[in-house]
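For reference, the chains in residue letters:
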Amino acid sequence: MILVVARRLSIVGIFMLYLWPRYFFIPVAGKGVSGFTFFALFLLPVAMMALLSSTERLKSFASSIAQSKAVLGLFVLWWAWRLGCDYVGVSPERSFGITILDFGYLGVWTITGAILFADRKLRSALPYIILFSGIIATIFGLIELSTGSTLTNTLGFSSFAVGDEYMLRDINSTLMRGTMVRIRSLYSHPLVYGQILASMSPVAIHFLLQSKKLSKLLGVILGACIVVSISICNARSPYFVAFSGSAVYFALYFLDPKSGTKMFILLWAVLTFLVVAPVATGAFFQVASGRTSEEAMSSSARDRQMEQGTRALMSRSITGYGDGNAASIASTRGIQSAPSVDNYYLSTAVDSGYSGAIILIVFLFAATLKGARLSYREPDPTARSIHAVCVGMVVALAAGLVILSITDTLSIIFLATGYFVAASSRRVGSRTITRGRRNLDAISVPFARG
């Protein structure tokens, strides 16, 4: 019973992770409360109850922790380092508050994911949750495009939303790039909308590769939603995000060093790439430098941010200035918009020093490597594909953070990290396989490792 409840609440929670408007806060006792953050924290005790309800689940969790020491160690180190940098920073009390809120907003998903994704059924349901999230987000994006008004106005949210003056003005304003509207759907910025939908490219490929016609149809629908969303968000980075995620998925799902046929296909793919590389490189630089004057100015602003951030780090290169200070130090924004740094790795470096940025990058690399190893070692094609989907999303969103400092996408990265931890348990895996050979219907362990 606890498992069923935990699974259903997890599904709702992941939907909220993808679809809750992050800029929208509900008034409670005179303060703004995000339903997304509230549900993320609510899932933690639910996960603990599910974990403590069975000795086998505890043993499975212990096994997954033992197999994930490097990733979890880096996860803990990064949050601890941030707190340490806040302590020696220029505004300790403010920085502490930001880091703690970030953990409840982001980091908690790794803990709950590591527990709840031990449920193999929940892991199998993940591609469907992401697929329907993408479809719903695209529908809302098209509604915004057709009405010419933000969703807060269309749905009536603006009448009781709470927040500071800038936030309330921002969520009700239509964003433009030149003469073109920039759609953000349910997300805090068009870049976030485009990158999150683009990161779903491996999910679309996953469904297209399934044998059932319905699955292929779902893959086509999601693929169309991704194309539409990237187009109407009017941003460049989603193209790179989609390419990165898809490339990683194909490499993990199709590349098998032991298979001569697949290696032959890979070699031809590399040869084809070399042939088209000159044209592709020219297109890449055209998009990266800016297709319009506004995009060129945006690229130039990022260059200035890098210069200012690097200059500021000369005096605090190890510990940085503490959380929340990067925007005021390295930002190039004017008075018409909130100051921000359009590169999360630069923002992390300014806040937590070069050391903090390195810890973050190593953590992302370790999580990606762990997911890749799970995918390569997985004998079941469907499970292997889902592992590859999660790795592709992590790489895609991590690549997108190079030109995005909004942390919304990090929640998906941390959730996937929890997925990798849960899927790495060896104890329940061998037990499940043994029982399955005797009688698949007799498996009674609800939290099974795939």
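See the structure above.
Remember, predicted model here, so these are calculated numbers, not experimental data.

Chemist: Please give an account of the environment of Gly35 that cites residues and values.
Modeler: With respect to the helices and strands, the residue Gly35 is situated in helix 2 (residues 35-52). The buried category is assigned to Gly35, whose relative accessible area is 13%. Sequence separation between Gly35 and Arg22 is 13 residues; the distance between their C-alpha atoms is 8.7 Å. Excluding its chain neighbours within four sequence positions, the residues that come into contact with Gly35 are Met16 and Trp20.

Chemist: Summarise the pattern of salt bridges; cite the residues concerned and give the values.
Modeler: In total, this model carries three salt bridges according to the counting rule given. Between Asp119 and Arg7 there is a salt bridge; the shortest N-O distance is 2.5 Å. Placement of Asp119 in the loop between helix 5 (92-116) and helix 6 (120-147) and of Arg7 in helix 1 (residues 2-19) is noted, with a sequence separation of 112 residues between them. With respect to burial, Asp119 and Arg7 carry one shared label: buried. A salt bridge links Arg82 to Asp102, with the nearest nitrogen and oxygen atoms 2.8 Å apart. Placement of Arg82 in helix 4 (residues 69-87) and of Asp102 in helix 5 is noted, with a sequence separation of 20 residues between them. Taking the relative accessible area as the measure of exposure, Arg82 reaches 3% and is therefore buried. Asp102 sits in the buried class, given a relative accessible area of 15%. Within this structure, Arg82, Asp102 and Asp323 form a network of salt bridges that share partners.

Chemist: Pulling in residues and values, what's your account of the side chain of Asp351?
Modeler: On the secondary structure map, Asp351 appears in helix 16 (residues 344-377). Within the structure, Asp351 has its side chain in polar contact with the backbone nitrogen of Gly324 (distance 3.3 Å). Residues contacting Asp351, with those up to four places away along its chain left out, are Cys85, Thr319, Gly320, Tyr321, Gly322, Asp323, Gly324, Asn325 and Ala326.

Chemist: Run through the packing of helix 5 against helix 18 (residues 410-423), naming residues and quoting values.
Modeler: Between helix 5 and helix 18, the shortest axis-to-axis distance is 7 Å and the interhelical angle comes to 20 degrees. When the interaxial angle is binned, helix 5 and helix 18 end up roughly parallel. Remark: the crossing between helix 5 and helix 18 carries right-handed chirality. Judged by residue contacts, Tyr105, Leu106, Gly107, Trp109, Thr110, Gly113 and Ala114 of helix 5 engage Leu410, Ser411, Phe414, Leu415, Thr417, Gly418, Tyr419, Val421 and Ala422 from helix 18. Of the residues that constitute the contact of helix 5 with helix 18, the class distribution is 10 nonpolar, six polar and no charged.

Chemist: Can you break down empty space enclosed by the protein residue by residue, with the values?
Modeler: Over the atoms rolls a probe the size of a water molecule, and its path tells where empty space is left. Taken as a whole and judged by the stated rule, the model has three cavities of 30 Å³ or more. By volume, the largest cavity is sized at about 70 Å³. As for the largest cavity, its lining consists of 11 residues, and the residues nearest its centre are Arg57, Ser60, Phe61, Ile115 and Ala118. The volume enclosed by the second largest cavity comes to roughly 50 Å³.

Chemist: I'd like a rundown of the nonpolar core, residues and numbers included.
Modeler: Tyr18, Trp109 and Phe414 are the most contacted members of the largest nonpolar core, which totals 96 residues. One finds Leu313, Val341, Ala349 and Ala357 within the second-largest nonpolar core, a separate group that totals 10 residues.

Chemist: Can you tell me about helix 11 (residues 213-233), naming the residues and giving the values?
Modeler: An ideal rise of 1.5 Å per residue puts 30 Å on 21 residues; helix 11 measures up with 30 Å between its terminal C-alpha atoms. Those residues of helix 11 that sit buried are Ser215, Leu218, Gly219, Leu222, Cys225, Ile226, Ser229, Ile230, Ile232 and Cys233. One side of helix 11 holds all its buried residues, which, seen down the axis, span an arc of 170 degrees. Relative to its buried face, helix 11 has exposed residues pointing more than 90 degrees away, namely Lys213, Val220 and Val227.

Chemist: Requested: an account of unusual backbone geometry, with residues and values cited.
Modeler: For Ser185, which is not glycine, the phi dihedral falls at a positive 55 degrees. When you line up the elements, Ser185 lands in the loop between strand 4 (180-182) and helix 9 (190-198). Phi at Asn234 takes a positive value of approximately 55 degrees, unusual for a residue other than glycine. Along the chain, Asn234 turns up in the loop between helix 11 and helix 12 (237-254).

Reading the values: rules and limits
Residues numbered from 1 in each chain as written. Predicted model: local features only at pLDDT ≥ 70, side-chain atom pairs only at ≥ 80, totals over all residues. Heavy atoms only, no water. Helix = DSSP H or I, 4+ residues; strand = E, 2+ residues; numbered from the N terminus. Buried < 20%, exposed > 50% of the residue type's maximum accessible area, 1.4 Å probe, protein only. Contact = heavy atoms within 4.5 Å. Salt bridge = Lys/Arg side-chain N within 4 Å of Asp/Glu carboxyl O. Polar contact = N/O pair within 3.5 Å; in protein donor to acceptor, adjacent residues only side chain to side chain. Axes fitted to C-alpha atoms, helices over the stretch in contact; angles between N-to-C directions. Parallel < 35°, antiparallel > 145°, perpendicular 65-115°, else oblique. Left-handed = near helix turned anticlockwise from the far one by under 90°. Nonpolar A, V, L, I, M, F, W, Y, C, P; charged D, E, K, R; others polar. 1 Å grid on protein atoms, 1.4 Å probe; cavity = no way out; pocket = protein on both sides within 12 Å on 5 of 7 lines; lining within 4 Å. Points joined across faces, edges and corners; volume = space filled by probe spheres on them. Core = buried A, V, L, I, M, F, W, Y, C linked by side-chain atoms within 4.5 Å. Expected span 1.5 Å × (residues − 1). Arc of directions from axis to C-beta.

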